[in-house]
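Summary of structural features
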Amino acid sequence: MASWPPLAPVPPPAVQSAIPPQEWELYIDAWVLLLGLRIEASNVQFAEEAPKDVSAVTFLTSFYDQLATTGTLGLHMGPKARTLRKLCFLLTRRFLLDAPTTPSELLGWKYLGDLCNCYPSSSALKKLLSEAWDKHEESISSSLEKAQTSMIKQLSLLISAPTPEIISDIRLLTILGSALPASGQTLMAGSDFLDICCEAYQTHKREDFRKVLVAIVYVGLTSLLKGTKPNLSLLLDQLFSLKSSAGISTKNGPTLLSDLICSSDLLVRLDRYLISHPQKRGQDLLSSLRTYQTESTPFHHRYQRPKKRLNKGKGRASDLPHADEMHIHKMSLITQVQDLFPDLGSGYIARLLDAYDDNPETIIANLLDDSIPPEFHNLDKSEQLPTTSTTTTHDILPPNSTPPPLQPRKNIFDNDVDLAALPTENLHFGRANPTLTADDILSDRTTHAANKAAIISALATFDSDDDERDDTYDVADVGGTVDADADGDAKRKAAESDELDMTLFRAYKASPGLFGRDSGTRRSQPRAALKRETGMTDEAIEGWAVMLGRDSKRLARLEGKLALSGVAGGGLVQDEVKSTAYRRPGPRAGGETGSEGEESGSGAGGRGGSNRGRGRGGRRGGGGAGRRGGSGAGCGSGDGNTAASRQRKEENKASRANHNRRQQRAKKVARAGGMVA
């Protein structure tokens, strides 16, 4: 059986730029034909020829290496790119799963990383990698361990800024760990790799390099929760190691752990896993990390994927020139690149956008890694876009017809008569017809019939037998109305209020504990009966008792009413008759003057009342209404509280009493003409 024709590897970009487009199309057709020949071969033929097919392995490695590095296969890639990519994937799958011995180049971490970079978010690729791991676990693990050792050595020897090769390798490992969780678990085995990442994060301040380190640590830690055998114990160990390295303190600034928990959803994933698999150690660690996350929030910001905006149809007008004529469709992409590389011209960036399918992220990554194709090295990097003169002017205000004249504004004075504008012959002073006499007016019978009919109709509606309305108590006459119903309602409400107070007071006198605020009293049967009788709530009943204890006058009034009702058999209750004598308002606590001060009537009240002028006879005679006024038992206050009256009398004696006596004596001496006996 004849062997398969060999496959030529993909030439580098410098060689591709020298190949004419027609010849490049022939190369692609040849690759598609030879790849289809190997894919459609039988299992027996493929098992015999695959171990010897070195050219196919070389072609696959060169194809994915260039496709992952530049993002496209040459500048002359046409519509056949999709077919070529699909055939390369199918041949790789057959080498990994159907070949008796898979070449070591196809099991290396770099080839698998390039493969993941070329097919992002592909479920078929994830399934292929999972099956390949089950079949070649030892070979892939060995390759990953070598990559881990090499990465640790490179990061430990890194003194200056990280090289693009190191950043590219870390990105490939991150992409591979995201698509194949088992590879991420292999990278997280041991603490050497994690420790060197923490050290490199603190040593180098480049933002892009720090993001790469955070990404690979995040992918490695989250892979410990994925797969058929999650390793929560190893994840907690690694987090404890990061915690001890960071010191859980924000004094030293951001750390790898703070960036990891603030910029990603690692704690959210861990919390979800601990909900279904609770563990005390994990819960305590999660609580401490959340506290550290809150303290470290000012140093970091959460990464969010940009949202895709829906096309709302708000395009440009149809009469405008096409956007391709003046490169307006690329201006926003060009400005994105110029923000990071201001020395590059707009024309040079437009050529890069044409080569990379208008993908500014890929262009920025390649510019940072210095992996731009060689054909762009000889171009003028300061080239600007040419100014186009083919654009037509767009009149944003098309000509319209002349608008109608504005109408004058109107107001309420428009219909007023302007006396100055009236003709002088229509103006007159005095009577309109000064020659007309009273006899002439009475003899004029032109409107007599109409006036007589109006008078007769008015008399027909008048009934002389109706009583005239009595307007004696109108508001206009007496300033108000006598409302007997309102007075009756007020009296009835006052009577109901007094009756309710007496009902509550009888219950209070019979059992004061019935008004307690504890739950046992509220649930008792007597309380329930009192609530039904009064229609009040527990809070209202208890509040009534509290206010009664604070108001001694109200208590005395209710006791008097209760005593009278007991003497008369419950049928006699005397209304309170207030004193009508004048009492000068006296000073009260807080500067207020109220009815109490008026009714209490201390010595000041006696002096200001009608008792003034009786002299001291009443005082010497005893029991008389002298200068002491209401301090006696028979005063108008009626409270009988001699101690309180005595205290009011003595309040201002030291500051005012002697002075008042001296002034009164001086007045008497003055009236007597200065003669002192």
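In the annotation of an unreviewed UniProt entry, the entry for the chain reads CUE domain-containing protein, and the organism field reads Petromyces alliaceus.

With that out of the way, let us pick up the nonpolar core. Counting residues in each nonpolar core, the largest one holds 99 residues, and the members touching the most others are Phe-59, Tyr-64, Phe-95, Leu-221, Leu-239 and Leu-242. With 9 residues, the single largest contributor to this core is helix H12 (residues 207–223). Excluding anything up to four places from it in sequence, Tyr-64 contacts Arg-85, Cys-88, Phe-89, Thr-92, Tyr-111, Asp-114, Leu-115, Cys-118 and Tyr-119.

Using the criterion set out here, one finds 14 aromatic pairs in the structure. Counting every residue linked through ring pairs, the aromatic cluster contains Trp-24, Tyr-27, Trp-31, Phe-59, Phe-63, Tyr-64, Phe-89, Tyr-111 and Tyr-119. Directly above the aromatic system of Phe-46 lies the positively charged group of Arg-94, at a separation of 4.5 Å from the ring centroid. Across the ring face of Tyr-201, the terminal group of Arg-210 is positioned such that the distance to the ring centre comes to 4.3 Å.

Another point: the confidence of the model for the chain. For the chain, the mean per-residue pLDDT works out to 76, and 72% of the residues sit at or above 70. For residues 316–327, every residue scores under 50 in pLDDT, and the model assigns this stretch 15 contacts once sequence neighbours within four places are set aside. Below a pLDDT of 50 lies the segment residues 389–394, which in the model reaches 6 contacts outside its immediate sequence neighbourhood of four places, other chains included.

We now examine the state of the cysteines. A complete count under the given rule lists 0 disulfides for this structure. You can see Cys-88 has no disulfide; the closest cysteine sulfur is in Cys-118, sitting 9.5 Å from it. Cys-198 takes part in no disulfide bond, and the closest cysteine sulfur to it belongs to Cys-197, at a distance of 7.1 Å.

Another point: the environment of Ser-263. In this structure, Ser-263 sits in helix H14 (residues 256–263). With relative accessibility at 18%, the residue Ser-263 sits in the buried group. For the pair Ser-263 and Tyr-218, spaced 45 residues apart in the sequence, the C-alpha separation amounts to 9.9 Å. Polar contacts involving the side chain of Ser-263 include one to the side chain of Asp-259, which spans 2.6 Å.

With that settled, consider the pattern of salt bridges. Considering all chains together, one arrives at 19 salt bridges under this definition. One salt bridge connects Glu-542 with Arg-522, and the closest N-O pair in it is separated by 2.9 Å. Separated by 20 residues along the polypeptide, Glu-542 in helix H26 (residues 538–550) and Arg-522 in helix H24 (residues 519–522) bring together distant segments of the chain. Here Glu-542 falls in the buried class, since its relative accessible area comes to 4%. Since its relative accessible area comes to 31%, Arg-522 is described here as partly exposed. Between Asp-538 and Arg-527 there is a salt bridge; the shortest N-O distance is 3.0 Å. Of this pair, Asp-538 sits in helix H26 while Arg-527 is found in helix H25 (residues 525–534), placing the two residues 11 residues apart along the sequence. Classification of Asp-538 as buried rests on a relative accessible area of 11%.

Glancing now at H25. Because an α-helix packs 3.6 residues into every turn, residues spaced three or four apart end up facing the same way. Along H25, the residues classified as buried are Arg-527, Leu-530 and Thr-534. Across the axial projection of H25, the buried residues extend over an arc of 60°, all falling on one side. H25 presents Gln-525 and Arg-532 as exposed residues on the side facing more than 90 degrees away from its buried surface. Where H25 terminates, the next one or two residues include Gly-535, which has phi positive at roughly 70°.

The rules behind the values
- Residues numbered from 1 in each chain as written.
- Predicted model: local features only at pLDDT ≥ 70, side-chain atom pairs only at ≥ 80, totals over all residues.
- Heavy atoms only, no water.
- Core = buried A, V, L, I, M, F, W, Y, C linked by side-chain atoms within 4.5 Å.
- Buried < 20%, exposed > 50% of the residue type's maximum accessible area, 1.4 Å probe, protein only.
- Helix = DSSP H or I, 4+ residues; strand = E, 2+ residues; numbered from the N terminus.
- Contact = heavy atoms within 4.5 Å.
- Phe/Tyr/Trp six-rings, centres within 6.5 Å; stacked < 30°, edge-to-face > 60°.
- Lys NZ or Arg CZ within 6 Å of the ring centre and 35° of its normal.
- pLDDT = per-residue confidence, 0-100.
- Disulfide = S-S within 2.5 Å.
- Polar contact = N/O pair within 3.5 Å; in protein donor to acceptor, adjacent residues only side chain to side chain.
- Salt bridge = Lys/Arg side-chain N within 4 Å of Asp/Glu carboxyl O.
- Arc of directions from axis to C-beta.

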